[in-house]
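The lines below spell out each chain.
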Amino acid sequence: MSAVNNPSSVTVIGLGPMGRAMAGAYLDAGYHVTVWNRTASRADDLVARGAVLAATVDEALRANEAVVLSLTDYTAMYTILEPAVAALDGRVLVNLSSDTPEQAREGAAWAAKHGARHLTGGVQTPPSGIGTQEFGTFYSGPRDLFEEYEGLLKVLTDTDYRGEDPGLAALYYQLQMDLFWTTLTAWLHTAALADANGISLSELKPLATATLTGMGQFLDFYTPRIEAGDHGGDVDRISMAVASLDHVVHTTRDSGVDPALPSAVLEAFRRAAAEGYQDDSLTRLFEVFGR
Ligand code: NDP
């Protein structure tokens, strides 16, 4: 099979929940879609909708110039593509597998070595948002390549090009993940604390939502101060945070809930206090963490 340079034709390799949603979005948009997955049965629904299941990775690569990868990580990409590197020449790999910026840079260099061009992507939506413009995906890599393929990328989500360095999309993605995981885990901890005290998650929901939504105001207030290097304790102080977090840890412990999460946060503030910053704002942690 020879490569088809057809703007409405695409190969999707990797059919986890994400890859299946992506292949489905291309089918919905009228694309001719070739798919491949280690566990072939995950392609059944897509094949029923008109996708072509390639018998081999080599065949999947040769079917189209544009190849979307949706894999657990870059290691999975090497595992899958190494045996078929001869078919990489001339391909455009849109790599939507998340990994570290360094892995993305190495992946782009590896692709180039085999004659393929590489765009790194960091998808910021669960599978339910694929096929809409409600959410965005960070992209990085050659700008001309991004612009050439933007139409294909827009079928999946809105696009947010971050620059030529292949690591950038992964970096911006990891920034969001840092915030996402710690915030969502904080909510789950709060939910366990509420539950241990007979308060339902439904009752907690509007209260938790108000607190999380209100975080934007804190960011508005603190961002310019941090950027100006102003950690003055005029509205809040590290010593207050230590006392407050100590109450949280004790309430958690008294409720029979694992206190490891708030204890870790308390430790960060205690460290700042021990370094002599007890009268500074909580924003001093920006520097304490960064060192
Ligand atoms: P999964 O981990 O469920 O899907 C993984 C895919 O990678 C499957 O096709 C799986 O094949 C394949 N795979 C994994 N390891 C190997 C291997 N060693 N050899 C061959 N194939 C392998 O991930 P998702 O579909 O949920 O997500 C895909 C990517 O998108 C991930 O990088 C994820 O971080 C990212 N992402 C996911 C989001 C989500 O909500 N799901 C949100 C934003 C980004 P098989 O089917 O055979 O197991």
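In short, a report on the structure. (Residues numbered from 1 in each chain as written. Predicted model: local features only at pLDDT ≥ 70, side-chain atom pairs only at ≥ 80, totals over all residues. Heavy atoms only, no water.)

Considering all chains together, one arrives at eight aromatic pairs under this definition. Their ring planes at 45° and their centres at 5.6 Å tell us that Phe138 and Tyr172 sit as a pair that is tilted. Highlighted residues: Phe138 in strand β7 (residues 136-140) and Tyr172 in helix α7 (residues 167-196), separated in sequence by 34 residues. Taken together, the ring pairs connect Tyr139, Phe146 and Tyr161 into an aromatic cluster. Against the face of Tyr172 rests Arg162, its NZ or CZ located 4.4 Å from the ring centre. (Phe/Tyr/Trp six-rings, centres within 6.5 Å; stacked < 30°, edge-to-face > 60°. Helix = DSSP H or I, 4+ residues; strand = E, 2+ residues; numbered from the N terminus. Lys NZ or Arg CZ within 6 Å of the ring centre and 35° of its normal.)

So, on to the site of the ligand. The immediate surroundings of the ligand are formed by 22 residues, with Asn37, Thr39, Arg42, Thr72 and Ser98 found nearest. Between the ligand and the protein, one listed contact pairs an oxygen atom with a backbone N or O atom of Gly16 at 3.4 Å. Interatomic distance of 2.6 Å between a side-chain N/O atom of Asn37 and an oxygen atom of the ligand. In the complex, the protein chains occlude 75% of the 890 Å² of accessible area that the ligand would expose alone. When each cavity is represented as a set of grid points, the ligand is found to reside in the second largest pocket. For the shell around the ligand, the secondary structure elements donating two or more residues are α1 (17-28) and α4 (74-81). Here the shell around the ligand is composed, by residue class, of 11 nonpolar, nine polar and two charged. (Near = heavy atom within 4 Å. Polar contact = N/O pair within 3.5 Å; in protein donor to acceptor, adjacent residues only side chain to side chain. Areas by Shrake-Rupley, 256 points an atom, 1.4 Å probe, with all protein chains shown as cover. 1 Å grid on protein atoms, 1.4 Å probe; cavity = no way out; pocket = protein on both sides within 12 Å on 5 of 7 lines; lining within 4 Å. Sits in = over half its atoms within 2 Å of the grid points. Nonpolar A, V, L, I, M, F, W, Y, C, P; charged D, E, K, R; others polar.)

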